[in-house]
Amino acid sequence: MSAALIGEGASGDQRPGLGHLKPAGADFSHGVALYLDNISVSFDGFKALNGLTLAVDAGELRCVIGPNGAGKTTMMDVVTGKTRPDSGRAFFGQTIDLLALREAEIARAGIGRKFQKPTVFEQLTVFENLELALKADKRVRRSLRWRLSPEQADRVDEILTQIRLLERRDWLAGALSHGQKQWLEIGMLLAQDPAVLLLDEPVAGMTDAETERTAELLLELEGKHSIIVVEHDMAFVAAIARRVTVLHEGSVLAEGRLEQVKADPRVIEVYLGR
Ligand code: ADP
Ligand code: MG
């Protein structure tokens, strides 16, 4: 299929409750949103990923944990097209071959990524940041006049409520706390309505209260998006954990419920015991 067509037009999936989970072109009919198969990535002979196989379901909230250097960020780099693997396959839904798409095409297809450092526009208000993110979506920009349609304005308010910034809507983003900036950046991703959200250490540097509210936010987003969260904060992981994947030396060491993987002697040895 042509990458240029992805994300344009209405979703072809008419099943109630599932159609909004996927962009046009992505086929989630088997329930899988993201499938990495035997992915390997080498940097100067060092294997950052070594036969990584990972499947994430539509609407699933997945935590990925593991020691520094395990390959967690590299896994996200492969999914988003920033890094090309030496071998393996990567699919978005049943049919979209991620390894055939460029970074911008992957983002447009519906895979959004949040980096650790917030990159909001500090001189703009919270509302204006979200407005910009909405306009960055080609489908919106094409029909955009000088202001948002009532539907788009409603969508911004909905996101503001989700990210707990409705009361801060007219604040300059630069005046927000670190945690609030992180939420705003998540909101800017949500404005583009991604089927898959990748969050790399989203609660790093947050206060305990902000961490708790972030956990609530992610639980609210579960089912609406497939979310992969990489995090070291085990209290946060415990709050949001469903299925947990432990990466070690570029491949999956263990996978299952948090209690299961925490009791796994190999996980204790390489990660939790430290
Ligand atoms: P994690 O996010 O789990 O801490 P990373 O994916 O960042 O791990 O890194 C995995 C390994 O690959 C590390 O040993 C890291 O030093 C190495 N690595 C990552 N990116 C590069 C790169 N661009 N060039 C060289 N080595 C890299
Ligand atoms: Mg990392």
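Before reading on, note that the structure itself is shown above.
Quick notes on the rules
Residues numbered from 1 in each chain as written. Chains lettered and ligands numbered in written order. Predicted model: local features only at pLDDT ≥ 70, side-chain atom pairs only at ≥ 80, totals over all residues. Helix = DSSP H or I, 4+ residues; strand = E, 2+ residues; numbered from the N terminus. Buried ≥ 20, exposed ≤ 12 C-beta atoms within 10 Å, placed from the backbone. Pairing = 2+ DSSP bridges. Axes fitted to C-alpha atoms, helices over the stretch in contact; angles between N-to-C directions. Contact = placed C-beta atoms within 7 Å. Near = placed C-beta within 6 Å. Core = buried A, V, L, I, M, F, W, Y, C linked by C-beta atoms within 7 Å. Expected span 1.5 Å × (residues − 1). Arc of directions from axis to C-beta.

### Considerations on the overall build of the chain
Working step 1: Tallying secondary structure elements over the chain gives 10 helices and 10 strands in all.
Working step 2: The buried share of the chain, taken over its 274 residues, is 43%.

### Quick notes on the sheet that holds strand 7 (residues 196-200)
Working step 1: Strand order in this open sheet of 6 strands is 6-7-8-3-9-10, and the pairing throughout is mixed. The open sheet has two free edges, formed respectively by strand 6 (111-114) and strand 10 (251-257), since each of these has just one partner strand. Taken pair by pair, the neighbouring strands of this sheet meet at an average axis angle of 20°, ignoring direction.
Working step 2: Taken together, the 6 bridges between strand 9 (residues 243-248) and strand 10 define a ladder with antiparallel strand orientation. Across the sheet, residue Leu247 finds its bridge partner in strand 10, namely Val252.
Working step 3: Along the sheet, helix 1 (residues 72-79) contacts strand 3 (61-65), strand 6, strand 7, strand 8 (226-230) and strand 9; its crossing angle with strand 7, the most-contacted strand, is approximately 150°.
Working step 4: Docked against the sheet, helix 10 (residues 265-272) engages strand 3, strand 9 and strand 10, running at close to 115° with respect to strand 10.

### Thoughts on the pairing of strand 9
Working step 1: Summarising burial for strand 9: 5 of the 6 residues are buried, a large majority.
Working step 2: Across 4 bridges, strand 3 lies against strand 9 in parallel orientation. Paired with Val64 across the two strands is Thr245, which belongs to strand 9.
Working step 3: Here strand 9 folds back onto strand 10, and the loop between the two strands holds 2 residues, one of which, Glu249, carries a positive phi near 50°.

### Comments concerning the site of ligand 1
Working step 1: The full set of residues close to ligand 1 is Phe43, Ala48, Gly66, Asn68, Gly69, Ala70, Gly71, Lys72, Thr73 and Thr74.
Working step 2: Broken down by element, the shell around ligand 1 gets its largest block of residues, 3 residues, from helix 1.

### Brief notes about the sheet that holds strand 5 (residues 96-97)
Working step 1: In spatial order, the strands read 2-1-4-5; together these 4 strands make up an open sheet with antiparallel pairing. Two strands lie at the open edges of the sheet, namely strand 2 (46-57) and strand 5, each paired on one side alone.
Working step 2: Judged from the 5 bridges that link them, strand 1 (residues 32-43) and strand 4 (residues 87-92) form a sheet pairing that is antiparallel. Within strand 4, the position partnered with Leu34 by the bridge is Phe92.
Working step 3: Across the face of the sheet, helix 1 comes into contact with strand 1, strand 2 and strand 4 while running at roughly 65° to strand 2.

### Some thoughts on the pairing of strand 4
Working step 1: In this sheet, strand 5 lies alongside strand 4 in antiparallel orientation, the contact comprising 2 bridges. Among the inter-strand pairings, Phe92 is bridged to a residue of strand 5, identified as Ile96.
Working step 2: In sequence, strand 4 turns back onto strand 5 through a hairpin of 3 residues, with Gly93 there showing a positive phi of about 65°.

### With respect to the nonpolar core
Working step 1: Judged by nonpolar contacts, the single largest core of 75 residues is most densely connected at Val79, Leu130, Leu184, Val229, Ile240 and Val246.
Working step 2: Take this core: its biggest share by element is 6 residues, from helix 6 (residues 178-190).
Working step 3: Filtering out sequence-adjacent residues up to four positions away, Leu130 remains in contact with Val156, Ile159, Leu160, Gly187, Met188 and Ala191.

### Concerning unusual backbone geometry
Working step 1: A positive phi angle, near 60°, is found at Arg164, a position not held by glycine.
Working step 2: Looking at where Arg164 falls in the secondary structure, it is placed in the loop between helix 5 (150-162) and helix 6.

### Describing helix 7 (residues 208-221)
Working step 1: Between its terminal C-alpha atoms helix 7 stretches 20 Å, which fits the 20 Å expected from 14 residues at 1.5 Å a residue.
Working step 2: Listed as buried for helix 7 are Thr214, Ala215 and Leu218. Along the axis of helix 7, the buried residues cluster in a sector spanning 105°; they form a single face. What points out from helix 7, more than 90 degrees from its buried face, is the exposed set Ala209 and Glu220.
Working step 3: On its buried side, helix 7 packs onto strand 3, strand 8 and helix 8 (234-240).
Working step 4: Gly223 lies just past helix 7 and shows a positive phi near 90°.

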